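Examining the three-dimensional arrangement
Chain by chain, the residues run as shown.
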Amino acid sequence: MLEQFPWQETLQWQPTPQQQEQFQRFYGALLAANQGMNLTRITAVPDFWEKHLWDSLRGILPWLQPTGETLWGAKIQQVIDIGSGGGFPGVPVAIARPDWSVTLLEATQKKVKFLHSLGSAVGLANIYPEWGRAESHGRRYDLALIRAVGDVARCCAYGLPLLRSGGILVLYRGQWSDEDTQHLETLLPRYRSRRLDIQGFTTPLSHAQRHCVYLQRQG
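Note that the coordinates shown come from a computational prediction; the quantities given were computed from them, not determined experimentally.

**Some details on the sheet that holds strand β2 (residues 101-106)**
Note on sheets: strands pair through backbone hydrogen bonds, and any given pair is parallel or antiparallel. Strand order in the open sheet formed by 7 strands is β3-β2-β1-β4-β5-β7-β6, and the pairing between neighbours is mixed. The open sheet has two edge strands, β3 (127-131) and β6 (193-202), and neither has a second partner. Across the sheet, the mean angle from the axis of one strand to that of its neighbour is 20 degrees, orientation sign disregarded. Sheet analysis places strand β1 (residues 78-82) next to β2, joined by 5 bridges and oriented parallel. Across the sheet, residue Ile80 finds its bridge partner in β2, namely Thr103. Set on the sheet, helix α3 (residues 45-58) makes contact with β4 (141-147), β5 (163-173), β6 and β7 (209-217); between it and β6 the angle comes to about 140 degrees.

Written out as structure tokens, the structure reads:
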């Protein structure tokens, strides 16, 4: 069902048959759990593919190709999805990169329980759901992902302290302006971090404007 969509044309990446099956099983598990708790309002197949799977993977586009393994001097192994909710973007990322260890940090116990169920339901051995809040989480990561959590200041406060030196934070955003960039630049010195890139793009089905902002901790 999900294999009908243009992965290669839009991401220059094609999931294997096993990964296609894992995406499908994830979709089924999410729909089943969604009947008892509010995990997502996006349930139609095209919307799920674009707004959840595709959007999640667009944030790690620099690492979907082998040439990106040491991009910006970062070797990615330990990843954290901050505020994972129903598993986005962390679960699609874990499916696409089975060599990465992906922590799914979530503050709602019921959602953490659902995330724990995905290991067997989807066939994933590289996801590690944890209950807690970013500001009290002490570990350090190579890559942090934060999507639909809050404004830029909050995202920086949550994500940048969790990075090791050289680690990268990806902010998933909708609209982005020059004023947003200026505001971001005032925040980065307090976290000893720098802006690497801001990538704007259009989603493949609904043609919505989206941005991914890449920041790197320097100390």
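**Some thoughts on the pattern of salt bridges**
Considering all chains together, one arrives at 9 salt bridges under this definition. One salt bridge connects Lys51 with Asp47, and the closest N-O pair in it is separated by 3.5 Å. Of this pair, Lys51 and Asp47 both sit in helix α3, 4 residues apart, roughly one helical turn. A relative accessible area of 32% places Asp47 in the partly exposed class. Between Glu185 and Arg195 there is a salt bridge whose closest N-O contact spans 2.6 Å.

**Details of the pairing of β7**
In terms of burial, β7 is a largely internal element, 8 of the 9 residues being buried. Across 6 bridges, β5 lies against β7 in antiparallel orientation. Bridging across to β7, Ile168 finds its partner in Gln216. The sheet contact formed by β6 and β7 spans 9 bridges and is antiparallel. Each bridged residue has a counterpart across the sheet, and for Ile198 the counterpart in β7 is Val213.

**Side note on unusual backbone geometry**
Put simply, Phe88 and Pro89 share a cis peptide bond, and its omega is 0 degrees. Backbone geometry at Gln12 places phi at a positive 55 degrees, although glycine is not the residue there. The exposure class assigned to Gln12 is partly exposed, which follows from its relative accessible area of 43%. The phi angle at Arg192 is positive, at roughly 50 degrees, despite the residue not being glycine. Inspection of the secondary structure puts Arg192 in the loop between α7 (178-187) and β6.

**Details of the environment of Gly174**
Tracing the chain through its elements places Gly174 in the loop between β5 and α7. We classify Gly174 as partly exposed; its relative accessible area is 27%. Spatially, the C-alpha atom of Gly174 lies 12 Å from that of Ile198, the residues being 24 residues apart in sequence. The residues contacting Gly174, other than those within four sequence positions of it, are Gln209, Arg210 and His211.

Procedures and definitions
- Residues numbered from 1 in each chain as written.
- Predicted model: local features only at pLDDT ≥ 70, side-chain atom pairs only at ≥ 80, totals over all residues.
- Heavy atoms only, no water.
- Pairing = 2+ DSSP bridges.
- Helix = DSSP H or I, 4+ residues; strand = E, 2+ residues; numbered from the N terminus.
- Axes fitted to C-alpha atoms, helices over the stretch in contact; angles between N-to-C directions.
- Contact = heavy atoms within 4.5 Å.
- Salt bridge = Lys/Arg side-chain N within 4 Å of Asp/Glu carboxyl O.
- Buried < 20%, exposed > 50% of the residue type's maximum accessible area, 1.4 Å probe, protein only.

None of this, on its own, says anything about what the molecule does.
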